[in-house]
Every structure is written in C-alpha cells, then in structure tokens.
Amino acid sequence: MSALKHLALAIGVVIAMTGCTTATPAAVDTTADEASIKGMTAAWLDAYNAGDVEKIVAMYADDAVLMPPHAPVAKGQAGIRSHLQMDTAGAKAAGIKLVPGPATAGVVGDMGWESGSYTVNDSSGKTVDSGSYLAVSRKVDGKWLLIRDTYNSDRPLPAAPAAATDKKG
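The present account deals with the structure reproduced in this document. (Residues numbered from 1 in each chain as written. Predicted model: local features only at pLDDT ≥ 70, side-chain atom pairs only at ≥ 80, totals over all residues. Heavy atoms only, no water.)

### So, the sheet that holds strand β1 (residues 60-67)
Worth spelling out the cut-off: A pair of strands counts as paired when DSSP detects no fewer than two bridges linking them. Runs of H or I in DSSP of at least four residues are treated as helices and runs of E of at least two as strands, each being numbered from the N terminus. Any two residues whose heavy atoms approach within 4.5 Å are treated as being in contact. Comment: axis = line fitted to C-alpha atoms, over the contacting stretch for helices; angle = value between 0 and 180 degrees taken between N-to-C directions.
Pairing is mixed across the open sheet formed by six strands, whose spatial order is β2-β1-β6-β5-β4-β3. A strand with exactly one partner marks an edge of an open sheet, and here the two such strands are β2 (74-75) and β3 (97-108). In terms of strand pairing, β1 meets strand β6 (residues 143-153) through four bridges, oriented parallel. Within the sheet, the bridge partner assigned to Y60 lies in β6 and is L146. Against the sheet, helix α2 (residues 31-50) contacts β1, β3, β4 (111-121), β5 (127-140) and β6, and its axis sits at roughly 155° relative to β3. Docked against the sheet, helix α4 (residues 76-94) engages β1, β2 and β6, running at close to 50° with respect to β1.

Here it is, written out as structure tokens:
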C-alpha cells in the first residue's frame, strides 16, 4: 500500500473515531435547588416542633410515602397527616424538640435528595435520641415536593420487659 493510501486510511479512522466520541455535558449549577431542598427540611423541622401538621403535609406530593421508625408506612397526604397528628402530639406531650444536624443534598433534573442527621432534645436540652434521614423530592411546577421520606433512630430499641417467672412453692 502506498504512503498516500496509508495516510488516507489513517485520516478516515481518526474521523470515524471522532464521530464515536460523545461530548461531556455542560455542568448544571444546582446550588439554588439544593438550598431549596435543605430549606424545606428546616421548615419541616420548625413546623414539627410547632405542631403545625398542615404546613408539613403541604410539603408532600399527593402520592408521597413517609416511612417513620417503629410505625407503619404512611401513604399519601391523608396517611401522612394522620401519622403526623399523633406523632407531633406525642412529641409535644413529651416536651421534645427535633434539632437538625449536618446534611447533604443533590439534584439531577427534576429529582432531588437530602440526607442528614438529627437529634431529639428534651425540655432541658439533653439529647434523648438521634438519628438520620433520607428525603427524595420532585420538582413540580417550580416547587420541590417530598415523594419519599424516611428517618430512623441511631439508638437500639428498649429491651423487652422480663417475662414473669413462675414461682413454685
């Protein structure tokens, strides 16, 4: 094969390979959306501590699912409302407050997530529980709504009461 044919073949291979590569997508700045998602969590905690269940429920999509610890899964706004009414009333009666910890958030398109930690403090400020959470949101008409929300305690369940023993006498 002549040098000219080799050169033509090499150029053809380079052109063909160039057509097979994909361009790296442009980076999208998600800082504002991540801040919105984190802001929603701060508002959720404030509303929980205030016992404002309706404000919390408005943060969930109609088909959202809440998966709380030691309780059945709550589906849809009605189920979430029912769970939160009992849960916030219990928290108020116990004099406890949820306190946010460090969190991270991310966004891809119209989907976002946040994961972080929290503590539960009693009325004296003593930490009585701690845990972590993962919330998944979807942007609908420019507003972030929770679609899946779960949290758990880092502490073990209390020990079961000792079984009564038969005394033979």
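### Some words on the pairing of β4
In this sheet, β4 lies alongside β3 in antiparallel orientation, the contact comprising ten bridges. Among the inter-strand pairings, K97 is bridged to a residue of β4, identified as N121. Between the end of β3 and the start of β4, which pair antiparallel, lie two residues, with G109 showing a positive phi angle near 65°. Sheet analysis places β4 next to β5, joined by eleven bridges and oriented antiparallel. Paired with E114 across the two strands is A135, which belongs to β5. What sits between the antiparallel neighbours β4 and β5 is a turn of five residues, in which G125 has the positive phi angle 95°.

### Things to note about the pattern of salt bridges
Under the convention used in this document: Whenever Lys or Arg places a side-chain nitrogen within 4 Å of a carboxyl oxygen from Asp or Glu, that contact is recorded as a salt bridge.
Within the structure shown, the criterion is met by three salt bridges. The salt bridge partner of D63 is R138, with a shortest N-O separation of 3.4 Å. One end of the pair, D63, is in strand β1; the other, R138, is in strand β5, and 75 residues separate them in sequence.

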